[in-house]
Amino acid sequence: MGPWVAYGAAEGARLPALVNKTAGGTGATRSCWRGSFKELVYVFFMMKDAGLAPDLLSYAAALQCMGRLNQDASTIQRCLKQMAQDGLQLQELFTSLPLCKEDKAILLRAVRKAEPTFLPPQPPLPSFKVNTSPLLKEIYSTDNPASYPKQHLPLETLKDLFQQQLSVEMATVVTVDSVEKAPSLTEEVLQARKTLQELRTRWEAELCLALQQTKAREAQAAREGRPSLFPYLCLLSEGELTQLMLQTLQVLSQQGESLLSLAQELGMRIFNRHVVQRKQLSDEVQALQERYFKYLHLLASDTQVVMSRLPRQHWEALGTPEASQDQPWPLTLVVQLGKQLAEVLVQTVKMPSNLARQQDTHKLIPVLYHVYSFQSFRQIGILKPHPAFIQLLETAAERTMTFEAAEVPMLCPPLPWTSPHSGAFLLSPTKLMRSLEGTIQHQRLLEGCPPTELHGALDALTQLGNCAWRVNGRVLDLVLTIFNAKGCPRLGVPSPASEAPRPSKHRLPANASPEHKTELRRELARCLKVAREMHSLRTDALYRLSLAQHLRHRVFWLPHNMDFRGRTYPCPPHFNHLGSDLARALLEFAQGRPLGPHGLNWLKIHLINLTGLKKRESLQTRLAFADEIMNDILDSADQPMTGRKWWMEADEPWQALACCMEIARAVRAPDPAAYISHFPVHQDGSCNGLQHYAALGRDSVGAASVNLVPSDVPQDVYSSVAAQVEVFRRQDAERGVQVAKVLEGFISRKVVKQTVMTVVYGVTRYGGRLQIEKRLRELSDFPQEFVWQASHYLVRQVFNSLQEMFSSTRAIQRWLTESARLIARSGLAVEWVTPLGIPIIQPYHHDTRVSIGGGIQSLTFCSSGDTNQKPNTLKQKNGFPPNFIHSLDSSHMMLTALHCYRKGLTFVSVHDCFWTHAADVAIMNQVCREQFVRLHSQPILHDLSRFLVERYCSGPRSTNAQVAKLQEMLLSVPKTGRGVPIAGWGLGLSSPSQDQSSWSSCSVLQGPSIWTR
């Protein structure tokens, strides 16, 4: 290890963590527990014995320890000398590590004891370099500065909202009242609540004692040189860990939860709380507040700034942040820590047996039981609460729920995304790119990417998160009425568990036949399955509605991040606009805009789109139909539950009802054009994946079928494919093919839709046949003996039809698939860069089995994100085509978001479904088309080919025969069709200021038409 190692230091140093082998690290990581220099040295000896070299963070931890203990200069000098011999530079300690201000000061104190004249490098000045992508040239151009939209709230209000959000995140949890109907406060209910409170008080004391004993055992293990979780158990107090465990117990379902998932959840909660506490203990919170208040001058409605910038640019111009980066813990450590706490919970938490059996006894029984169950032929361990405890909770009917702070929408505008590790919530750690826990290759790619390359994605995510929302109170009140009246599954309001089907209570006769027993077992399994599904749906709805009620008089924001393909998602999981019809109907923009001359028309068209009627009619026809049924619209708005209930027949009933209410308010306003509307109007892509394929391949026929070329009425690709299949069927029937004759009259849009829709995402003929088989079995009059033969025939004809309509599409898919297969076989995962500069890598590797022994159960879990394992060739090749198209789709959405923001629009998206105010739909449509054309005017496939050749076929590998074959494949970019040049699409877009005869044409001009459904 080197001559600097010395024993005998006093207690009181910061002790680094155990060596992180799983995540590929070799260093002892910095943290905030107390330990001794002697134990730190022991960790370094263990690293040496394992053949591992200390990394920069390991040396930083050692030097901090020596700085805190005022270690002698000679020991520090030997440490610095050893660090230099390992090829590490002293300056890097201050430039390359995510250290907070306090840690840097302690580190500098230690270094200066050995080198008194040492000066740390000055932090770099803020960089004002901009992205040079041709797609983003207009966004970052300084020649034509934009005036970006502001929030609708004044500065002092936003400051107050910041303080409220800061308090929420410092508390780490949010308590929300349940919307379930409150029970009558009978003696039984009051007694149940009293019993629960007494049990919890006792459990808190017993859990604190059990944790102290656990810490003592782990400390002893550390002193004896055995692996120990002692440092991590010391991150939070016993009281805080106890509250975490009791919250977990409170929300455990009657069916229980696997020990593995419970352990992972507990471990992650400890990490998140530790991060927040570390920030509180440093000066980061005060620095954040000062900087955020300056940032608000850009957003507030009553302030002005010298230069209008994008939020990220303005935040960066305020100076270099001091906030440190929080390195995620390896998944093995998270699970191991959570497992230990779960086992303490199982062994400690007990209740009197008389709660389960009506008898006078003081015997204690466990509240949690560890049992085994089979799921998908695998045996898994489950922690299941005692039925008597579940009954006690149901009787007490407590009306509060607890959420993690990061699970609830924010009460102030999110922090702008400025890097892969900085943005969104104020204190709670958030990933820029969401991924499975333990997967680190995405973060490595992002951190290795030049900062300017990510500007487009960072600014788009910030813009999406800056949209202010509010709850639609009228819709919420109606939903709550139905929710507490046993629900209505037809309207998407789940029923309570009491409405679940019950198995037969008749005793099985002694002489029952094996067939009868089998049937009863099937009925029991079906009832249990339905009950579990109903509980899951009901709980999901309860969370959503309770949060909506909690926020109904508030303005709130939804910070966003993205997945590894660049698709964006709101961070709060339970209440957002990505949910079902019901979830979307509960939300509206907090900032309203006057409808203007055409907004009311867009509201009417949007309503008809939500009903699912007139799908293949022009916008003018839809508008006329809305006027025809205006009485039904107004009746639905005025008497939703007692009138004619027209809205209930819509495809999206709750959104249709919300739209009816908005139209009613608008038409009754003195001046509909001046009516301030908060209602979001959607414009949905039509088979979006095929749109991108048709554009890439310049397929004229395919482009027409997915609304990429002019048309007076919307085209429907599913109907077009069904019609082409029918042509093939008639030809075969005339030639005497039996199955073609049987299928006469049965080929419909519904039969082929799912297969057509999923072809773009890599569905195989086998998968397509299963989809079609399912549709044919739903047809009561189709001869079922021909299902297998007919599904084989139809899937072949569907693929033939797509080949004819999208000739270049299939060639592009095959090229992507074969390229990925050869890349994976060479031992590497597929990588590419999106047109907006986001680096992407497919996280598909052969599974690594990780085992954690000891305790009540040995846990074994598989991870497919271990980059040390060979790539999974099947997943790599099947995933590349759909993932590449998803990355193009996200690029188009981000471009549209940025340009809409530049034009002053409110814009959010649900992947390929874009939302804005009714008054701005025409502008958004125009931006959408222009950016689609600009995106596909780039040589996307050739750029991809060049990147892949440089990444996989250059350097020493280039002489390999296998690599030569790969290079040949990568250079053979598919030829495109001879369709209309992409540069000619999207021209002649009408201005929203034109008269009514022209505004409707903006959805049928060249460029991608936005036809809802």
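Treat the numbers as computed from the prediction; the structure is a model and nothing was measured.

1. Details of the packing of aromatic side chains
Two numbers describe a pair of aromatic rings. These are the distance of the centres and the angle of the planes.
Piece 1. Applying the stated criterion across every chain, the model contains 20 aromatic pairs.
Piece 2. Measuring from ring centre to ring centre gives 5.2 Å for Tyr148 and Tyr901, while their planes differ by 20°; the resulting arrangement is stacked. Of the two residues, Tyr148 is situated in the loop between helix H5 (101-114) and helix H6 (155-171) and Tyr901 in helix H32 (residues 873-902); the sequence distance between them amounts to 753 residues. Per residue, the accessibility class of Tyr148 equals that of Tyr901, and both read buried.
Piece 3. Taken together through their ring pairs, the aromatic side chains of Phe162, Tyr292, Phe293, Tyr295 and Trp315 make up a single cluster.
Piece 4. The ring centre of Phe483 lies 3.6 Å from the NZ or CZ of Arg538, which sits over that ring.
Piece 5. Its end group placed over the ring of Phe625, Lys614 keeps NZ or CZ at 4.7 Å from the ring centre.

2. As for the environment of Lys294
Piece 1. When you line up the elements, Lys294 lands in helix H11 (residues 284-299).
Piece 2. Between the C-alpha atoms of Lys294 and Leu318, which are 24 residues apart in sequence, the distance is 7.8 Å.

3. A look at the side chain of Thr452
Piece 1. As for its position among the elements, Thr452 is in the loop between helix H15 (441-448) and helix H16 (455-465).
Piece 2. When near neighbours in sequence (up to four residues on either side) are disregarded, Thr452 contacts Lys129, Val130 and Asn131.

4. Here we look at the environment of Phe625
Piece 1. Among the structural elements, Phe625 can be located in helix H21 (residues 619-628).
Piece 2. Put simply, Phe625 and Ile608 are 17 residues apart on the chain and 8.0 Å apart in space, counted from C-alpha to C-alpha.
Piece 3. Not counting chain neighbours up to four residues away, the residues in contact with Phe625 comprise Ile608, Leu613 and Lys614.

5. Remarks on the pairing of strand S12 (residues 468-471)
Piece 1. The pairing of S12 with strand S13 (residues 556-557) spans two bridges and is antiparallel. The partner of Ala468 across the bridge, within S13, is Trp557.
Piece 2. Pairing geometry for S12 and strand S16 (residues 587-589), over three bridges, is antiparallel. In the sheet register, Arg470 faces S16, and the bridge partner there is Glu588.

6. Things to note about helix H23 (residues 653-667)
Piece 1. Over its 15 residues, H23 extends 21 Å from the first C-alpha to the last, a length consistent with the 21 Å expected when each residue adds 1.5 Å.
Piece 2. For H23, a buried count of 13 out of 15 residues is recorded, marking the element as mostly surrounded by other parts of the structure.

7. Looking at the sheet that holds S12
Neighbouring strands of a sheet are bound in pairs by backbone hydrogen bonds; such pairs are parallel or else antiparallel.
Piece 1. Read from one edge to the other, the open sheet built from three strands follows the order S13-S12-S16, with strand pairing classed as antiparallel. The open sheet has two edge strands, S13 and S16, and neither has a second partner.

8. Let's talk about the sheet that holds strand S19 (residues 680-684)
Piece 1. Spatially, S19-S25-S24 is the arrangement adopted by the three strands of the open sheet, whose pairing is antiparallel. Unpaired on one side and paired on the other, S19 and strand S24 (908-910) mark the two borders of the sheet. Neighbour to neighbour, the strand axes of the sheet diverge by 30° on average, direction disregarded.
Piece 2. Relative to strand S25 (residues 913-917), S19 runs antiparallel, the two being bridged by five bridges.

9. Comments concerning the packing of helix H2 (residues 56-68) against helix H3 (residues 73-85)
Piece 1. Contact geometry for H2 and H3: axes closest at 11 Å, N-to-C directions at 170°. What the angle tells us is that H2 and H3 run roughly antiparallel. Along its contact with H2, which presents Tyr59, Leu63 and Met66, the element H3 presents Thr75, Ile76, Cys79, Leu80, Gln82 and Met83.
Piece 2. Class assignment for the residues of the contact of H2 with H3 results in seven nonpolar, two polar and no charged.

10. Remarks on the pattern of salt bridges
Piece 1. Inspection of the entire model under this criterion finds 36 salt bridges.
Piece 2. In this structure, the salt-bridge partner of Glu533 is Lys529, at a minimum N-O distance of 2.6 Å. Here the residue Glu533 and the residue Lys529 both occupy positions in helix H18 (residues 514-550), the gap between them amounting to four residues, near one helical turn.
Piece 3. We classify Lys529 as partly exposed; its relative accessible area is 46%.
Piece 4. A salt bridge links Arg593 to Asp920, with the shortest nitrogen-to-oxygen separation between them at 2.7 Å. Separated by 327 residues along the polypeptide, Arg593 in strand S17 (residues 593-594) and Asp920 in the loop between S25 and helix H33 (921-936) bring together distant segments of the chain.
Piece 5. Among the charged side chains, a salt-bridge network with shared partners connects Glu265, Arg269, Arg273 and Glu404.

Rules of the game
Residues numbered from 1 in each chain as written. Predicted model: local features only at pLDDT ≥ 70, side-chain atom pairs only at ≥ 80, totals over all residues. Heavy atoms only, no water. Phe/Tyr/Trp six-rings, centres within 6.5 Å; stacked < 30°, edge-to-face > 60°. Helix = DSSP H or I, 4+ residues; strand = E, 2+ residues; numbered from the N terminus. Buried < 20%, exposed > 50% of the residue type's maximum accessible area, 1.4 Å probe, protein only. Lys NZ or Arg CZ within 6 Å of the ring centre and 35° of its normal. Contact = heavy atoms within 4.5 Å. Pairing = 2+ DSSP bridges. Expected span 1.5 Å × (residues − 1). Axes fitted to C-alpha atoms, helices over the stretch in contact; angles between N-to-C directions. Parallel < 35°, antiparallel > 145°, perpendicular 65-115°, else oblique. Nonpolar A, V, L, I, M, F, W, Y, C, P; charged D, E, K, R; others polar. Salt bridge = Lys/Arg side-chain N within 4 Å of Asp/Glu carboxyl O.

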